[in-house]
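Coordinate analysis (summary)
Now for the letters of each chain:
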Amino acid sequence: MHESPLNVPKAAWRQDEELDIFADAVGQFFEKECAPHVPAWRKAGIVPREIWKKAGEMGLLGASVPEEYGGAGGDFRHEAIIIEQQQWKGIDGFGITLHNAIIAPYITAYGTEEQKQRWLPKICSGDLVTAIAMTEPGAGSDLQGMKTTAKRDGDHYVINGSKTFISNGQTADLILLCVKTDPTKGAKGISIICVETEAVEGKGGFRRGRNLDKVGQHAADTSELFFDDVRVPAAHLLGGEEGKGFIQLMQKLPQERHIIGLQGVGMIERAIHETVNYVKGRKAFGQTIFDFQNTRFPEHPVQAR
């Protein structure tokens, strides 16, 4: 198993034999089932559906979802292991972390019992791929400025608006859509509605835009989404109560920021690992460049004067 090249002791939460066994299984999955295909995925701009099913069969989807809903019954430590191993193996673009550690927790924490029973087992099996749609062309981090609306009409909501930069956007079967159910109330008028794409796709109202070009994460499908009088059952309002969306977002976004930190550390570790392997294997002037004096110089911070 790839070990961290950083010369730091294991964190207290990481000192658990069960987590080491899990990390080894996750690392083997990424190395055997994903790594050989990453160049093709980057070229295609998308990760194929079958890898989601394989991840589900391996128990890697819904790692922190309770067992009663088809998950592994783990916690955020298990999600952190998946994040770590994904970065170490260079499996960029596979949206498993978004699916597992960002979207599933919204449904677990806020969903009604009916919603949990309806969606979580399929999230864990890979039958549903998920996305969350917050960002709009004119409203990025300013969530209160979103323009997408959902107006109640009997037993349905009628949705109008657009979203952009949506990860898993080309693939998603279930989209947690951030909308204004009452545009007059600012943050208190924001709700999250769960859109099953199979029910609305091909009916003229819902459309996926282009798969966006990006500087990195080339295997990740990142899309524009368009909604024109799209009708969604009122029962798909997350938690069953309007106006709770902003609170739900504010409670869950801190974990997302933590995830970004874990991903960054994992990328740093992989970069060091790859660099060390290269300088140990690259030869010049009769020796490896690892053995050159200037390669071995320690780096010292510049002293302020």
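A brief structural summary. Treat the numbers as computed from the prediction; the structure is a model and nothing was measured. (Residues numbered from 1 in each chain as written. Predicted model: local features only at pLDDT ≥ 70, side-chain atom pairs only at ≥ 80, totals over all residues. Heavy atoms only, no water.)

It is worth spelling out the packing of helix H1 (residues 17-34) against helix H3 (residues 49-57) at this point. Packing of H1 against H3 leaves a shortest axis separation of 12 Å and a crossing angle of 150°. The orientation of H1 relative to H3 falls into the category roughly antiparallel. In the crossing of H1 with H3, the sense of the turn from one axis to the other is right-handed. Here H1 contributes Phe29, Glu33 and Cys34 to the contact with H3, which in turn contributes Ile51, Lys54 and Ala55. (Axes fitted to C-alpha atoms, helices over the stretch in contact; angles between N-to-C directions. Helix = DSSP H or I, 4+ residues; strand = E, 2+ residues; numbered from the N terminus. Parallel < 35°, antiparallel > 145°, perpendicular 65-115°, else oblique. Left-handed = near helix turned anticlockwise from the far one by under 90°. Contact = heavy atoms within 4.5 Å.)

What follows deals with unusual backbone geometry. A positive phi angle, near 65°, is found at asparagine 168, a position not held by glycine. Mapped onto the secondary structure, asparagine 168 falls in the loop between strand E3 (156-167) and strand E4 (174-180). Classification of asparagine 168 as buried rests on a relative accessible area of 4%. Phi at glutamine 217 is positive, roughly 50°, even though this residue is not glycine. The class of glutamine 217 is partly exposed, set by a relative accessible area of 37%. (Buried < 20%, exposed > 50% of the residue type's maximum accessible area, 1.4 Å probe, protein only.)

The subject of this paragraph is the packing of aromatic side chains. Throughout the structure, instances matching the rule amount to four aromatic pairs. Both rings, one in tryptophan 52 and one in phenylalanine 94, keep their centres 4.8 Å apart while their planes meet at 75°; by these two values the pair is edge-to-face. Placement of the pair is tryptophan 52 in helix H3 and phenylalanine 94 in the loop between helix H4 (76-88) and helix H5 (96-110), with a sequence separation of 42 residues. The same class applies to tryptophan 52 as to phenylalanine 94, namely buried. For the ring pair phenylalanine 206 and phenylalanine 227, a centre distance of 5.3 Å and an interplane angle of 45° mean the geometry is tilted. With phenylalanine 206 in strand E6 (residues 206-211) and phenylalanine 227 in strand E7 (residues 222-233), this residue pair connects regions lying 21 residues apart in the sequence. For the pair phenylalanine 206 and phenylalanine 227, one class covers both residues: buried. (Phe/Tyr/Trp six-rings, centres within 6.5 Å; stacked < 30°, edge-to-face > 60°.)

Within this structure, the stated rule accounts for one cavity of 30 Å³ or more. The space that makes up the largest cavity amounts to roughly 30 Å³. Contributions of two or more residues to the lining of the largest cavity are made by H5 and helix H8 (245-281). It is H5 that provides the largest number of residues to the lining of the largest cavity, a total of four residues. Classifying every residue of the lining of the largest cavity gives four nonpolar, one polar and two charged. (1 Å grid on protein atoms, 1.4 Å probe; cavity = no way out; pocket = protein on both sides within 12 Å on 5 of 7 lines; lining within 4 Å. Points joined across faces, edges and corners; volume = space filled by probe spheres on them. Nonpolar A, V, L, I, M, F, W, Y, C, P; charged D, E, K, R; others polar.)

Attention now goes to H4. With 13 residues, H4 extends 18 Å from end C-alpha to end C-alpha; this agrees with the ideal 18 Å at 1.5 Å per step. For H4, the buried fraction is high: eleven of the 13 residues fall into the buried class. Each element contacted by the buried residues of H4 is listed here: H1, H5 and H8. You can read the cap of H4 off the contacts: a side-chain oxygen lies 2.9 Å from the backbone nitrogen of arginine 77, and it is on aspartate 75. Following H4 by one or two positions, glycine 90 has its phi on the positive side, about 75°. (Expected span 1.5 Å × (residues − 1). Polar contact = N/O pair within 3.5 Å; in protein donor to acceptor, adjacent residues only side chain to side chain.)

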